Amino acid sequence: ALYDTAVFEILHSQITHAVARKMHLSDCHSSKVIRRKKPMKHLKIPVDEYTTPSPVTVDASTPMSDLVELMQNREIRHIPVVSQDKAIGIISDRDVRMVMNVEGSGTLQARDLMHENPFTVESGTSLEDVVLEMSKHKIGSAIVNDNGNIVGIFTSTDALNALVEVLRGDLP
């Protein structure tokens, strides 16, 4: 969680500085003060630009062995748990690793590992708002919905991808 928070704080800082450079602002005299030559435009980049679409999902009765296999084979770190196509929880690789070698863990199901009431955002929400909320609450992922239906997942890896594009000046 500390790593994820640091990533989101760096992303927010770098977006601010990249926008400042893009808008031809003068050099900063401190890390917290930006002197502007012109008023800075507020960029509204939707989180969808960096969201991983159509995430792998599981239901609450999925056995832990299937979760491990999915995470390893698909190289993913977060899996939404759904019921009737709605997110009811989320499981991270950290959740699985914590119990993987505990005696009796083979009988666990997704419902035993998931964090209920996962952080969700609506498609079109600004990247900045999502990143700030995730950083503030030390959340590693956000499930992106469109009218209540899961359309993607935004993770700390997606935030790093956004940061790289911002640093390169490749703003969408």
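Residues numbered from 1 in each chain as written. Predicted model: local features only at pLDDT ≥ 70, side-chain atom pairs only at ≥ 80, totals over all residues. Heavy atoms only, no water.

S.K.: Explain the sheet that holds strand 7 (residues 141-146) here, please?
M.R.: Strand-to-strand pairing in sheets goes through backbone hydrogen bonds, with the strands running parallel or antiparallel. Within the open sheet, the four strands sit side by side as 1-8-7-6. Their pairing is mixed. With one partner strand each, in any of the chains shown, strand 1 (52-53) and strand 6 (120-122) form the two edges of the open sheet. The pairing of strand 7 with strand 8 (residues 149-155) spans six bridges and is antiparallel. Residue pairing for strand 8: Asn145 is matched across the bridge by Ile150. Strands strand 6, strand 7 and strand 8 of the sheet are contacted by helix 5 (residues 127-137), whose axis makes an angle of about 65° with strand 8. Helix 6 (residues 156-168) rests against strand 1 and strand 8 of the sheet, and its axis sits at about 65° to strand 8. (Pairing = 2+ DSSP bridges. Helix = DSSP H or I, 4+ residues; strand = E, 2+ residues; numbered from the N terminus. Contact = heavy atoms within 4.5 Å. Axes fitted to C-alpha atoms, helices over the stretch in contact; angles between N-to-C directions.)

S.K.: What's the story with helix 5 in this structure? I'm lost.
M.R.: An α-helix turns once per 3.6 residues; consequently, residues spaced three or four apart project the same way. Taken residue by residue, helix 5 has Leu127, Val130, Val131, Met134 and Ser135 as its buried positions. The arc enclosing the buried residues of helix 5, seen along the axis, measures out at 125°, which places them on a common side. (Buried < 20%, exposed > 50% of the residue type's maximum accessible area, 1.4 Å probe, protein only. Arc of directions from axis to C-beta.)

S.K.: Sorry, what's going on with the confidence of the model for the chain here?
M.R.: Segments scoring low in pLDDT should not have their predicted coordinates read at a detailed level. Mean pLDDT over the chain stands at 84; residues scoring 70 or higher make up 74%. Here residues 22-31 is a poorly scored stretch, pLDDT under 50, and it has 20 contacts once near neighbours within four places are set aside; other chains count. (pLDDT = per-residue confidence, 0-100.)

S.K.: When you look at the pattern of salt bridges in this model, what are you seeing that I'm missing?
M.R.: Any two side chains of opposite charge can pair, given that their charged atoms come close. All told, the structure shown has one salt bridge when counted by the stated rule. Note that Asp93 is salt-bridged to Arg97, the shortest N-O span being 2.8 Å. On the criterion of helical spacing, the pair formed by Asp93 and Arg97 is a turn pair, its members being four residues apart in helix 3 (residues 93-99). Taking the relative accessible area as the measure of exposure, Asp93 reaches 19% and is therefore buried. (Salt bridge = Lys/Arg side-chain N within 4 Å of Asp/Glu carboxyl O.)

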